[in-house]
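Chain by chain, the residues:
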Amino acid sequence: MGSKVMRAIIKLSAFVTIGTLVLIILYLAFRGIPNLTPELFKWEYNSDNVSMMRSIVSTFIVVILSLLIATPIGVFTGFYLVEYAKKGSKVVDVIRLATETLAGIPSIIYGLFGMLFFSITLHLGFSILSGVFTLSIMVLPLIIRSTEEALIAVDDSLRHGSFALGAGKLRTIFRVVLPVAVPGILSGIILAIGRSVGETAALIFTLGTATDAPKSLLGSSRTLALHMYMLSTEGLYVDQAFATGFVLILVTLIINGISTFISHKFVEGEEA
């Protein structure tokens, strides 16, 4: 009886999760698709078309640069915690505590920190760099934790077998451990992409809300999520905000789909 109840709860939870996602997508599609017009995708922005094209470009720039900074640091930190650090090391405890603390900090606090440190102290102002550095710190805990969990899940017998065959530590990590852990690491990176694409609170204090195209890394701009937020708060472009929201969902799904496809191809290549 208890197992049947548990299975029913699990199925209900899965149904609620999938149903919520479908409901959100359908609602945004219902409100957004009728308001999608060619003017929204023009490069020139003005108060008549409130084009999102510049924001789409800014979104990809910010997300890619953030991942280029956060991914190596997060992955290497995860490898250190699992593969190189001594068991029970105080350094490991400190790093894990810092990671858990960073993961629990509200995004608006990151925005205030980024504004005070990157924008004001380092004189970067409202710029791409300020937003990228702030986002990199935000998504770092996700990548570290996912990398650590993926490496812990690798069976120790694979490591021992590699060592028994005469392989060194570095060769074992890259040839044996990493291929098995890649799907879990990519899952963390995908989560980091999702958080970066949908972030507004941290970027409004660092990236700014300029409608200009990003002419340099020191120029201000706005991401797609920030563009949607500004349109909705102004109250004059609610329909365009829904259209932007629908495009934002599509962009997120496309990025996640590409990342998942790459992950599956990598796994299939290793198995072959």
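Scroll up a little and you will see the structure.
Residues numbered from 1 in each chain as written. Predicted model: local features only at pLDDT ≥ 70, side-chain atom pairs only at ≥ 80, totals over all residues. Heavy atoms only, no water.

Peer 1: Account for the overall build of the chain, naming residues and giving values.
Peer 2: When helices and strands are tallied, the chain shows 10 helices and zero strands. When the helices and strands of the chain are read in sequence order from the N terminus, they spell out α-α-α-α-α-α-α-α-α-α. On the principal axes, the C-alpha backbone points of the chain span a range of 70 × 55 × 40 Å. Looking at the chain as a whole, 39% of its 272 residues are labelled buried. Here the analysis covers contacts within the chain between residues at least 6 apart in sequence; of these, 71% occur between residues at least 24 apart. When the accessible surface of the chain is totalled, it reaches about 14900 Å², and 71% of it is carbon and sulfur. (Helix = DSSP H or I, 4+ residues; strand = E, 2+ residues; numbered from the N terminus. Buried < 20%, exposed > 50% of the residue type's maximum accessible area, 1.4 Å probe, protein only. Contact = heavy atoms within 4.5 Å. Areas by Shrake-Rupley, 256 points an atom, 1.4 Å probe, with all protein chains shown as cover.)

Peer 1: Give me the lowdown on the nonpolar core, citing residues and values where you can.
Peer 2: Core analysis: the biggest nonpolar cluster contains 38 residues, and Ile185, Ile193 and Leu224 have the highest contact counts within it. If you list the elements that add at least two residues to this core, you get helix H2 (53-84), helix H5 (128-152), helix H7 (169-197), helix H9 (224-234) and helix H10 (238-271). Listed in part, the 10 residues of the second largest apolar core include Leu135, Met138, Ala202 and Leu207. (Core = buried A, V, L, I, M, F, W, Y, C linked by side-chain atoms within 4.5 Å.)

Peer 1: Got a sec to walk through the packing of H2 against helix H3 (residues 90-104)? Specific residues and values, please.
Peer 2: The interhelical angle for the contact between H2 and H3, taken along N-to-C directions, is 140 degrees, at an axis separation of 10 Å. As summarised for this structure, H2 and H3 are arranged oblique, according to the angle between their axes. Relative to H3, H2 is oriented so that their crossing is left-handed. For the pair H2 and H3, contact is made by Thr77, Tyr80 and Leu81 and by Val91, Val92, Ile95 and Arg96, respectively. In terms of residue class, the contact of H2 with H3 is built from five nonpolar, one polar and one charged. (Axes fitted to C-alpha atoms, helices over the stretch in contact; angles between N-to-C directions. Parallel < 35°, antiparallel > 145°, perpendicular 65-115°, else oblique. Left-handed = near helix turned anticlockwise from the far one by under 90°. Nonpolar A, V, L, I, M, F, W, Y, C, P; charged D, E, K, R; others polar.)

Peer 1: Talk me through the packing of helix H4 (residues 107-121) against H5; I want residue IDs and the actual numbers.
Peer 2: Two quantities define a packed helix pair, namely the angle between the axes and the distance from one axis to the other. Contact geometry of H4 with H5 gives a least axis separation of 9 Å together with a crossing angle of 135 degrees. Judged on the interaxial angle alone, H5 and H4 are oblique. Read as a crossing pair, H4 and H5 show a hand that is right-handed. Between H4, through Ser107, Tyr110, Gly111, Phe113, Gly114, Phe118 and Ser119, and H5, the contact on the second element is made entirely by Ser130, Phe133, Thr134, Ile137 and Met138. Its residues assigned to classes, the contact of H4 with H5 shows six nonpolar, six polar and no charged.

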